[in-house]
Amino acid sequence: MNRLALKNVRYRYADGTEAITGVTFAVRRGEFAGVLGYNGSGKTTLLKIMDGMIKDIQGSVLLDGTDIHRLSSREIYGKMGIVFQNPNDQLFAPTVFEDVAFGPMNMGIEEEEVVKRVKKALEAVEMAVYAKKSIHHLSFGQKKRVCIAGLLSMGHEILLLDEPTAGLDPLGEYQMMDLLMKLNREKKVTIFMATHSVDLIPVFLDRLYVLSDGKIVRSGTPEAVFTAPEEMSQVRLRLPQIAELIYRLKHEDNLAFGRIPLTIGEARREIMELFQKDK
Amino acid sequence: MLLLEYYATDHWLSRIDARIKLLVTMIILVMVLSYQGVGFQLLVAAISLTLIVSMKIPWRLFLLRFSEPFLIVLVVFLLKIFFSGHDPLFSFDILGFQITGYREGLAEGIAISSRIMAAISLMAVLVYATPFPELMAALSWLKVPRGFIEVLLYAYRYIFVLFEEAMVIYHAQKNRLGYANFRNRLSSFGILTGSLILKAFEQSQTLSTAMVQRGYDGNMPLFQSRPFRSSEIFLSCLVVTVMGILWGI
Amino acid sequence: MKKVSCGFVIAIIGGVTLPQNVAAMHIAEGLLPFNWAAFWFAVALPFFAWGLYRLNKRNLDDLSFKPLVGLMAAVVFIISCLPIPVPFAGTCSHPCGTGISGILIGPAISVVITAAALLIQALFMAHGGLSTLGADIVSMGVMGSFTGFLTFRALRSVNVNMAVAAFMAGLFADWATYFMTSVELAAGIRGEAAFLPLFWKVLIAFIPTQLPIGVLEGAMTAGMVMLLYKKRPDLLIKMRVIKAREVAVIGAVLIAVTFLFSGVAPVEASKWTGVDEAVIEKIAKEQGREPKEPLVNMEQGDLPLFIFLIAGAVGGFAAGYYWRVLIAGKGLPICSGQDEPAPETSGKIRGS
Ligand SMILES: Nc1ncnc2c1ncn2[C@@H]1O[C@H](COP(=O)(O)OP(=O)(O)OP(=O)(O)O)[C@@H](O)[C@H]1O
Ligand SMILES: [Mg+2]
């Protein structure tokens with residue numbers, strides 16, 4: 001079942017930049033998908049189009065089968081939320097608590113329930129102790145977490161995230177992805193994210209699209225996308241480092257790896273197997 | 001930006017409801033403004049300054065806050081003393097020019113100066129004891145229009161963002177000789193401020209989208225304020241009564 | 001008998017206030033007695049209410065409008081925190097930015113913007129005050145925004161070049177603010193004294209700061225409008241709410257008045273100070289007291305006055321410089337002539 005489908009979408013900015021040049025794909029129900037692309041490849045633009053923020057596009061965006069531009073903003077945003085790349089675009093209240101409470105308050109939920117939701121959302125992103133803090137005192141990564149908490153507290157069915165892990169520390173990056181995966185698996189939230197973190201993607205994402213020059217040039221499971229370094233470098237990307245290592249061992253040092261693993265866990269298994277074979 | 005943020009977190013005044021602090025401050029402010037004389041003003045100033053000292057405000061902040069009003073006091077004082085009245089109090093020579101100060105001017109100057117001192121130190125107590133969001137909530141409780149409060153909240157939040165932006169641009173310009181001479185200083189400055197305005201326009205667009213997607217319909221929701229504690233009410237009534245009596249005599 | 005002249009004292013006062021140009025724009029907390037504070041609140045209220053009404057109305061069509069107004073208030077606030085470099089003596093001045101917001105957002109809503117910026121300044125920086133907020137809104141918000149807006153629109157309607165119109169708008173916005181502040185200040189502190197003489201003295205005391213700042217503000221406004229014009233002409237088109245014709249007439253009148261005022265002021269001032277002294281002399285004589293020796297021997301002409309004005313200015317700039325250093329701390333390394341010479345590398349980069 002498609003939740004969000006794009007058909008032949010093209011978009012050019014007012015200054016003539018062709019940011020999206022013909023994109024067709026769909027995000028399915030319950031999927032944890034993402035788009036990968038170099039700086040300026042059009043990821044942010046694509047997300048804004050999917051969210052209905054950019055309206056004057058060619059082609060169509062369908063949310064649960066209806067053209068998104070025919071839906072009212074209430075209808076769209078009751079189902080779908082977007083987290084921007086820059087947290088300052090999104091955090092407008094003076095304190096963390098007030099910002100996270102903004103969404104639920106607007107939904108007309110009772111105050112006690114709002115407080116509960118805010119607390120839960122902040123706990124999920126490990127920001128509960130900062131509830132009273134002024135937004136401008138937070139670090140970049142903390143702001144990003146608050147952005148996400150702001151949407152979590154509303155309980156959207158679809159989340160669009162623009163580089164949710166950029167600017168987070170290594171553990172934070174991992175925790176963020178883990179949190180998103182839990183949302184996806186346990187709460188059945190459909191997630192679509194733009195990202196740069198090549199090394200984390202294969203661990204978490206079900207499906208991956210590679211964007212280059214406003215076009216989707218590759219798509220499929222991470223295994224299907226990350227094949228050879230040459231192909232990735234054509235679109236100014238690279239393999240996950242562990243994959244790169246095994247790839248080189250296989251092709252340059254002629255070690256007998258069966259396939260190219262993408263995560264450390266898989267690589268470990270492959271290597272152990274290789275050793276066992278040698279014995 | 002330090003000035004904007006400071007407040008005494010663990011002072012007993014900080015724990016009192018912002019609405020009460022605001023109301024009491026405003027009542028005393030009105031008393032100060034309408035008092036004819038010096039005694040009450042000095043009393044208010046003394047109490048306020050004592051409170052400020054007990055809040056352990058860093059001296060630099062204190063100086064910054066008061067330097068501007070102090071200079072105003074000085075100017076008003078000079079203007080009054082040399083130009084008001086006709087009863088010469090003193091006169092002296094500077095570089096062969098004689099200057100005369102007048103008694104009435106001095107009296108009026110002192111009155112105005114003490115009023116300013118009282119008022120600004122009173123306000124300083126309020127501000128140092130109340131975080132901004134609480135102050136805004138108190139204002140909205142006082143029926144200041146919601147739209148205005150909302151504007152204030154955005155302004156407060158984005159002062160920090162835009163200031164950061166301004167600093168980035170400023171340093172970038174400076175590194176590229178943007179401030180090397182007066183002419184390009186001016187133009188750099190124009191570009192800096194212009195960029196801020198552009199940023200404001202763009203940011204307001206993304207901001208409103210971010211808000212709309214979280215259910216914004218043109219009005220920011222506000223939390224209901226908690227009920228007053230009776231001890232707070234009692235204390236404030238006491239303070240106002242005592243000050244009122246002192247004001248009357 | 002030598003005639004008493006206020007020039008010297010005014011020059012000193014003016015000099016002292018040089019670093020205080022923000023203060024000159026803002027009336028400090030507590031400076032106005034209750035009646036005057038209330039009076040200016042009453043004057044400001046209709047403009048403010050109108051602005052708020054317009055704001056709420058426009059926000060219905062465009063939900064990004066209230067955030068925009070909040071952001072503009074932040075910009076006005078920041079602009080008034082940023083020092084403009086002044087060529088001499090290494091000091092800085094603050095523009096007030098009301099002209100530009102008047103031009104861009106419209107004068108009524110600009111009053112709200114100014115009010116927000118002023119309230120934050122009053123609360124956190126003690127520039128202006130809660131009790132004098134009304135007065136400050138009238139001088140900065142109402143006078144600044146409306147003058148800026150009307151000047152710009154009027155000049156544009158007779159096809160004056162955009163940059164020139166913006167420059168004049170900034171200039172007059174600043175001077176109108178300064179004029180109004182002087183009125184409020186004089187009225188507020190006059191006590192028993194006559195209003196007009198005091199008014200002229202206040203006006204003159206601030207001339208050394210406000211005249212150049214007006215020019216700077218004009219330059220800045222022009223710079224900003226031109227930048228917007230080049231980069232985002234669509235915004236300027238979008239923001240153009242009222243047809244130029246409607247306000248041309250009012251604007252022309254206003255400009256004429258301001259011109260008159262700025263031309264006449266110095267003349268009037270000397271006349272009035274004369275009157276003032278004459279009155280004092282007369283009263284003093286009546287009470288059987290001989291007037292005191294004069295401050296400045298006017299027979300020497302205006303030269304000493306001028307010299308003192310300069311001296312005061314230099315002193316003020318010096319004072320201002322150190323005051324800024326205090327403020328600057330580790331923040332903005334503040335303009336001034338302190339910028340290091342260009343580092344080698346940047347020269348190379350430029351050259352390559
Ligand atoms: N407002 C705009 N006006 C004109 N061009 C724009 C605008 N925003 C983005 N672009 C251009 O559109 C293209 C795609 O930009 P986009 O922001 O979508 O890239 P991105 O993939 O998100 O990059 P990054 O990884 O840096 O976030 C770029 O060439 C960019 O210069
Ligand atoms: Mg992007």
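Residues numbered from 1 in each chain as written. Chains lettered and ligands numbered in written order. Predicted model: local features only at pLDDT ≥ 70, side-chain atom pairs only at ≥ 80, totals over all residues. Heavy atoms only, no water.

Participant: What is the right way to read the interface of chain A and chain B from this model?
Facilitator: Size of an interface, as often reported, equals the accessible area lost when the parts are brought together. Counting residues at the interface gives 35 residues for chain A and 27 residues for chain B. It is Phe92, Phe102 and His136 of chain A in chain A that bury the most area against chain B; as a group they hold 25% of the surface buried on that side. For the pair chain A and chain B, the interface holds one salt bridge. The closest approach of N and O atoms between Asp99 of chain A and Arg214 of chain B, which form a salt bridge, is 3.0 Å. Between the two partners, chain A and chain B, sit nine residue pairs in polar contact (both at pLDDT 80 or more). Contributions of two or more residues to the side of chain A that touches chain B are made by α2 (73–79), β6 (80–83), α3 (96–106), α4 (111–124) and α5 (140–152) of chain A. Among the elements that line the side of chain A that touches chain B, the one with the most residues is α3 of chain A, at nine residues. For the side of chain A that touches chain B, the class distribution of residues is 19 nonpolar, eleven polar and five charged. (Contact = heavy atoms within 4.5 Å. Buried area = accessible area lost by both parts, 1.4 Å probe. Salt bridge = Lys/Arg side-chain N within 4 Å of Asp/Glu carboxyl O. Polar contact = N/O pair within 3.5 Å; in protein donor to acceptor, adjacent residues only side chain to side chain. Helix = DSSP H or I, 4+ residues; strand = E, 2+ residues; numbered from the N terminus. Nonpolar A, V, L, I, M, F, W, Y, C, P; charged D, E, K, R; others polar.)

Participant: Just checking my understanding: could you explain the site of ligand 1 for this structure?
Facilitator: Residue and element names in this part refer to chain A. Not every one of the 15 residues close to ligand 1 is listed here, only the nearest: Gly40, Lys43, Thr44, Thr45 and Gln85. Within the contact set of ligand 1, an oxygen atom lies 2.8 Å away from a backbone nitrogen or oxygen of Gly40. Taking His196, its side chain carries an N or O atom lying 3.5 Å from an oxygen atom of ligand 1. In isolation ligand 1 has 630 Å² of accessible area, and contact with the protein removes 65% of it. Sorting elements by how many residues they give to the shell around ligand 1 places helix α1 (residues 43–50) first, with three residues. For the shell around ligand 1, the class distribution of residues is three nonpolar, nine polar and three charged. (Near = heavy atom within 4 Å. Areas by Shrake-Rupley, 256 points an atom, 1.4 Å probe, with all protein chains shown as cover.)

Participant: Help me understand the coordination of the magnesium ion (ligand 2), please; the structure alone is not making it clear to me.
Facilitator: Under ideal tetrahedral coordination, the four donors around a metal are separated by 109.5 degrees; under ideal octahedral coordination, the six donors are separated by 90 or 180 degrees. Residue and element names in this part refer to chain A. Ligation of the magnesium ion (ligand 2) by protein atoms is provided by Thr44 (OG1) and Gln85 (OE1), these donors lying 1.8 to 2.2 Å from the ion. In this pair, Thr44 sits in helix α1 while Gln85 sits in the loop between β6 and α3, placing the two residues 41 residues apart along the sequence. Taking the relative accessible area as the measure of exposure, Thr44 reaches 23% and is therefore partly exposed. Its relative accessible area of 33% is what places Gln85 among the partly exposed residues. (Donors = N, O, S within 2.8 Å, 3.2 Å for Na, K, Ca; no water. Buried < 20%, exposed > 50% of the residue type's maximum accessible area, 1.4 Å probe, protein only.)

Participant: How do you make sense of the pairing of strand β9 (residues 207–212) of chain A when you look at a structure like this?
Facilitator: Residues in a regular strand point their side chains to alternate faces of the sheet. Residue and element names in this part refer to chain A. When you tally the buried positions in β9, you get five out of six residues, the bulk of the element. As paired strands, strand β3 (residues 32–37) and β9 are joined by five bridges and run parallel to one another. Within the sheet, the bridge partner assigned to Gly37 lies in β9 and is Leu211. The turn joining β9 and strand β10 (residues 215–220), which pair antiparallel and follow one another in sequence, is formed by two residues; a positive phi near 55° is taken by Asp213. (Pairing = 2+ DSSP bridges.)

Participant: Help me out: how do you make sense of helix α5 (residues 103–128) of chain B in this one?
Facilitator: Since one α-helical turn is 3.6 residues long, residues separated by three or four positions face the same way. The terminal C-alpha atoms of α5 of chain B lie 37 Å apart, and with 26 residues this matches the ideal 38 Å at 1.5 Å per residue to within 8%. In terms of burial, α5 of chain B is a largely internal element, 19 of the 26 residues being buried. (Expected span 1.5 Å × (residues − 1).)

Participant: Would you take a moment to explain helix α3 (residues 34–61) of chain C for this structure?
Facilitator: Taking 1.5 Å per residue, 28 residues should reach 40 Å; α3 of chain C reaches 40 Å between its end C-alpha atoms and fits that length. At Leu45 of chain C, α3 of chain C shows its strongest bend, of approximately 35°, with the proline Pro46 of chain C following within four residues. (Bend = angle between axes of the 7 residues up to and from the residue.)

Participant: I keep staring at the sheet that holds β6 of chain A and nothing clicks. Help me out?
Facilitator: Consider a sheet: its strands pair through backbone hydrogen bonds, and that pairing is either parallel or antiparallel. Residue and element names in this part refer to chain A. Pairing is mixed across the open sheet formed by six strands, whose spatial order is β6-β7-β8-β3-β9-β10. Strands with a single pairing partner mark the edges of an open sheet, and in this sheet they are β6 and β10. Averaged over neighbouring strand pairs, the angle between their axes works out to 15° when direction is ignored. For strand β7 (residues 158–162) and strand β8 (residues 190–195), the ladder comprises five bridges, and the chain directions are parallel. Paired with Asp162 across the bridge in β8 is Ala194. Along the sheet, α5 makes contact with β6 and β7, crossing β6 at roughly 175°. (Axes fitted to C-alpha atoms, helices over the stretch in contact; angles between N-to-C directions.)

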